[in-house]
Amino acid sequence: MKILIRKYIVIVAGTLSIVACEKVIDINLNKSNPRYVIEGNVSNITGESLVKIIKTINFDEMAPYPAVSGALVIITDNNASHSDTLDETRPGIYTKTNLAGTEGHSYTLTVKIGNQTYTASSSMPVNVPFEGLIQDGSAQTGGSGPGSGGSHSKGEFGVTFIQVIPQYTDPDQTDNYYLFVVTRNDTLLNDIFIRNDIGFNGSSNTLPLRVKASKNDVVKVDMQSIDKVVYDYFFGLNENINQSSATPANPTSNINNGALGYFKAHTSLKKTIKIE
């Protein structure tokens, strides 16, 4: 999942006036201190827990953002009083092949980079059964544009959208929050699909995911149950992405000490559908 990173621009210049002589004006673009971006995940599926660490860059530097190697990354099960130190398997990517989270447990992520320490906590909800996926309408019929009400539409630049409905029944005993991670033909989509059960507590889901896909594409949906703090982060991230009238701001992170990003403990259930 990609993270929205706000770029800071600092312009250093004096007051300009019309003078007869030439004067050199120094402009310093974003020479602020870099910040670390941490994407931390602990899953209930063995081997799927992963922490990615990168560093922000100056405005005039070219992407990609540099990976951060050599960090000490620890995930602690607060209920079982057990910790796992993750291995750096690729530059900036930290994993543990035998690590699997437990439903109902809370976890703490600790990242040490040089003399700086960053921590975050997240609770893994109880799994909500994922029963299947339903395609709402044919990939060859439907509306002609976004908001047309059809189950199939073409948006900007001829992109085709298909409505896919995840089948699950929300438990009525607790507040529930969901993140749907979608891939199309094994390519991860950057769209953010989040849900809560406000107004739908205890009900069967009927809300579709509007997915970029065409006929014969294979769409995989990873339904993740997440806690409210993580939901609020992705809600803020989604608001920033869809807001064009104001300057975007970094969503509130649950990682302390000035780091950007998130740490989420989540369950994971996956279903696949071929678009017809």
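My aim in this report is to walk through the structure given alongside it, one point at a time. (Residues numbered from 1 in each chain as written. Predicted model: local features only at pLDDT ≥ 70, side-chain atom pairs only at ≥ 80, totals over all residues. Heavy atoms only, no water.)

Further remarks concern the overall build of the protein. Across its full length, the protein holds 1 helix and 18 strands. Evaluated residue by residue, the protein yields a buried proportion of 41% over its 276 residues. Relative to all contacts within the protein whose residues are 6 or more apart in sequence, the contacts with residues 24 or more apart total 66%. A total accessible area of about 14,900 Å² is found for the protein, and carbon and sulfur atoms account for 51% of it. (Helix = DSSP H or I, 4+ residues; strand = E, 2+ residues; numbered from the N terminus. Buried < 20%, exposed > 50% of the residue type's maximum accessible area, 1.4 Å probe, protein only. Contact = heavy atoms within 4.5 Å. Areas by Shrake-Rupley, 256 points an atom, 1.4 Å probe, with all protein chains shown as cover.)

Now for helix α1 (residues 228-242). Along an α-helix, residues three or four apart share an orientation, since each turn contains 3.6 residues. Between its first and last C-alpha atoms α1 spans 21 Å; for 15 residues at 1.5 Å apiece the expected length is 21 Å, and the two agree. Turning to α1, its buried residues number three or more, namely Val230, Tyr231, Tyr233, Phe234, Gly236, Leu237 and Asn240. Its buried side turned inward, α1 meets β8 (116-123), β12 (177-184), β14 (193-196), β16 (218-226) and β17 (260-266). (Expected span 1.5 Å × (residues − 1).)

This part is about the environment of glycine 258. Tracing the sequence through the fold places glycine 258 in the loop between α1 and β17. Placed 223 residues apart in sequence, glycine 258 and arginine 35 show a C-alpha to C-alpha distance of 7.4 Å.

The next point concerns the pattern of salt bridges. A full pass over the atoms with the stated rule returns 5 salt bridges. Note that aspartate 191 and lysine 212 form a salt bridge whose closest N and O atoms lie 2.7 Å from each other. Here lysine 212 lies in strand β15 (residues 209-212) and aspartate 191 lies in the loop between β13 (187-188) and β14, a separation of 21 residues in the sequence. Taking relative accessible area as the criterion, aspartate 191 reaches 23% and is therefore assigned partly exposed. (Salt bridge = Lys/Arg side-chain N within 4 Å of Asp/Glu carboxyl O.)

We now examine the packing of aromatic side chains. Taken as a whole and assessed by the stated rule, the structure comprises 9 aromatic pairs. Feature note: the residues Tyr168, Tyr178 and Phe180 constitute an aromatic cluster, connected by ring pairs. The ring centre of phenylalanine 161 lies 4.1 Å from the NZ or CZ of arginine 210, which sits over that ring. (Phe/Tyr/Trp six-rings, centres within 6.5 Å; stacked < 30°, edge-to-face > 60°. Lys NZ or Arg CZ within 6 Å of the ring centre and 35° of its normal.)

The next subject is the side chain of threonine 183. Here threonine 183 is to be found in strand β12. Those residues in contact with threonine 183, other than ones at most four positions away along the chain, are Leu188, Leu189, Val218, Val219 and Lys220.

Strand order in this open sheet of 5 strands is β5-β6-β2-β1-β17, and the pairing throughout is mixed. Strands at the two margins of the open sheet, each flanked by one partner only, are β5 (87-90) and β17. With strand direction ignored, the average angle separating the axes of adjacent strands in the sheet is 20 degrees. As defined by bridge partners, β5 adjoins strand β6 (residues 93-95) across 3 bridges and the pair is classed as antiparallel. Bridging from a neighbouring strand, aspartate 87 pairs with threonine 95 of β6. (Pairing = 2+ DSSP bridges. Axes fitted to C-alpha atoms, helices over the stretch in contact; angles between N-to-C directions.)

In terms of nonpolar packing, the biggest core is built from 22 residues, with Ile38, Val51, Ile53, Val73, Ile75, Leu109 and Val111 touching the most fellow members. Counting residues per element, the ones that place at least two in this core are β1 (36-43), β2 (50-55), β3 (72-77), β7 (106-113), β8 and β17. Ranked by residues supplied to this core, first place goes to β7 with 4 residues. Counting 19 residues, the second largest nonpolar core, distinct from the first, contains Leu133, Val182, Leu189 and Val211. (Core = buried A, V, L, I, M, F, W, Y, C linked by side-chain atoms within 4.5 Å.)

Right, let's get into unusual backbone geometry. The residue asparagine 185 is not glycine, and still its phi comes out positive at about 50 degrees. Considering the arrangement of structural elements, one finds asparagine 185 in the loop between β12 and β13. Despite not being glycine, asparagine 257 has its phi angle at roughly 65 degrees, a positive value. Position of asparagine 257 among the secondary structure elements: in the loop between α1 and β17. On the basis of relative accessibility, which here comes to 43%, the residue asparagine 257 falls in the partly exposed class.

With that out of the way, let us pick up the side chain of threonine 108. In this fold, threonine 108 is placed in strand β7. Judged by its relative accessible area of 18%, threonine 108 falls in the buried class. In this structure, threonine 108 is in contact with Ile74, Ile75, Thr76, Asn78, Ala120, Ser121 and Phe263, ignoring residues within four places of it in sequence.

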